[in-house]
There are 2 protein chains.
Amino acid sequence: MIGAAREIIRERGYHAMSLAEVVERSAAPRGSLYYHFPQGKQQIAAETAGIHAGEQLAEIRRLADAATSPADLISGYVNRARDGMVASGYGRGCAIAPLVAETSAELSEASRLGFTRIIETIAFQLIVLGLGNAAALELAHAVIAGVQGAEVTSRALRGPEPFEAVRGVLVARAQVHPEGP
Amino acid sequence: MIGAAREIIRERGYHAMSLAEVVERSAAPRGSLYYHFPQGKQQIAAETAGIHAGEQLAEIRRLADAATSPADLISGYVNRARDGMVASGYGRGCAIAPLVAETSAELSEASRLGFTRIIETIAFQLIVLGLGNAAALELAHAVIAGVQGAEVTSRALRGPEPFEAVRGVLVARAQVHPEGP
């Protein structure tokens, strides 16, 4: 059911998601939704955001293990986001971003925690790869903002140019910041 | 009514907007909504996106007239977005971005056209300020992606750091691209 909710949120956002569609897409019995998610739609979206963030963290660590420089990690992360967007036919964005416009405390906290974990994980891996602390935190914020924004404008333009541009700018910045390995 | 629709879309997105709330916030007679927008919610959102983009273009031209370099224009544009976000208490995003997840041809076209006009206007002004064509288009894509993403993560984190980071990375890139005045 989390998988179905995540697909719907990534395709059309949180507001467009109905619990009936979650049940239908997951082919789960309706009763089990209320059993696992007694607080309903907000609860399933908050848990979905946590799982989405957790997968991002694992992917960032995997990319960092294979990377030879900060620029290499950044390039790999942006390319992976671009490839996912192109593969979805420009139809699927982030599972956390649609929650930032919600005023409920549960969803605000889910989006704050999700983005905080992702930004801190990138910053940490950039430090491991040789950047200074301040440069790593600046770049981590810019990487996530750049990718989030490219997911918006790339969907609108139906082309990968925003990801290419974001990668070019971020990689150039990472290469100017070689504060020792 | 466009003003009311724009506020609601920026605060909570397209899906959360009801025509009843548009009528209520604008204090316009209900009949006039259907008179001016016979195609209803999609039409009002598409026209709102066009007006929002038009105001962005005017603001970019105003900033460019006062700017002495590409970095100066970029810095002014990012700061303006940051100030607007802070002033709204992290409660108001872009009026075009929420339309990219919609599958209707009218809304897809409105978001495509809105972002295209904004990116091309920034690219043009960066060329006027001295950048080469390819560098200007790359930076324009990165400026809009960076600001759009900072609007997402800044709302989630309830802090201006994403805008500061995006500005730092973009300005550094603009300063390395001095392809003649």
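Procedures and definitions
Residues numbered from 1 in each chain as written. Chains lettered and ligands numbered in written order. Predicted model: local features only at pLDDT ≥ 70, side-chain atom pairs only at ≥ 80, totals over all residues. Heavy atoms only, no water. Helix = DSSP H or I, 4+ residues; strand = E, 2+ residues; numbered from the N terminus. Rg over C-alpha atoms; globule rule 2.2 N^0.38 Å. Buried < 20%, exposed > 50% of the residue type's maximum accessible area, 1.4 Å probe, protein only. Contact = heavy atoms within 4.5 Å. Least-squares fit on C-alpha atoms with pLDDT ≥ 70 in both. Phe/Tyr/Trp six-rings, centres within 6.5 Å; stacked < 30°, edge-to-face > 60°. Lys NZ or Arg CZ within 6 Å of the ring centre and 35° of its normal. Core = buried A, V, L, I, M, F, W, Y, C linked by side-chain atoms within 4.5 Å. Salt bridge = Lys/Arg side-chain N within 4 Å of Asp/Glu carboxyl O.

Draft legend 1. Quick look at the overall build of chain A. Looking only at helices and strands, chain A features eight helices and zero strands. Counting helices and strands in the order they occur from the N terminus, chain A gives α-α-α-α-α-α-α-α. Compactness check: chain A gives a C-alpha radius of gyration of 17 Å against a globular reference of 16 Å for 181 residues, within 12% of the reference. With respect to the three principal axes, the spread of C-alpha positions in chain A is 55 × 30 × 30 Å. Counting over 181 residues, chain A shows a buried share of 60%. A fraction of 66% describes how many contacts in chain A between residues 6 or more apart in sequence connect residues 24 or more apart.

Draft legend 2. Fine view of unusual backbone geometry. Residues and elements named next belong to chain B. At Tyr90, a position not held by glycine, the phi torsion is positive, near 60°. Structurally, Tyr90 is set in the loop between helix H5 (70-87) and helix H6 (105-128). We classify Tyr90 as buried; its relative accessible area is 13%.

Draft legend 3. Up close: the relation of the copies chain B and chain A. Laying chain B over chain A is done by rotating through 180° and shifting 0.0 Å along the axis; what remains is an RMSD of 0.0 Å. Such a combination of turn and shift is consistent with a two-fold rotation axis. Considering only C-alpha atoms, the part of chain B nearest the rotation axis is Gly149 of chain B, at 1.9 Å. With an isologous cut-off of 70% or more, the 100% of interface residues of chain B that recur at the interface of chain A puts this contact in the isologous class.

Draft legend 4. Spotlight on the packing of aromatic side chains. Summed over the entire model, instances satisfying the criterion amount to zero aromatic pairs over all chains. Seen from the ring of Tyr14 of chain A, Lys41 of chain A lies directly overhead, with NZ or CZ sitting 4.6 Å from the centre.

Draft legend 5. Geometry of the nonpolar core. With 128 residues, the main nonpolar core has Phe115 of chain A together with Phe115 of chain B as its most contacted residues. The contact partners of Phe115 of chain B, leaving out residues within four places of it in the chain, are Val152, Thr153, Ala156 and Leu157 of chain A together with Cys94, Ile96, Ala97, Val100, Ile144 and Gln148 of chain B.

Draft legend 6. Representation of the pattern of salt bridges. All names here are of chain B. The final tally for this structure, using the stated rule, is 24 salt bridges over all chains. For Arg25, the salt bridge goes to Glu11, with nearest N and O atoms at 2.8 Å. With Arg25 in helix H2 (residues 19-26) and Glu11 in helix H1 (residues 2-12), this pair connects stretches of sequence that are 14 residues apart. Its relative accessible area of 24% is what places Glu11 among the partly exposed residues. With a closest N to O distance of 2.9 Å, Arg80 and Glu59 form a salt bridge. Note that Arg80 is positioned in helix H5 and Glu59 in helix H4 (residues 41-66), a separation of 21 residues in sequence. Given a relative accessible area of 35%, Arg80 falls into the partly exposed group. The class of Glu59 is buried, set by a relative accessible area of 12%.

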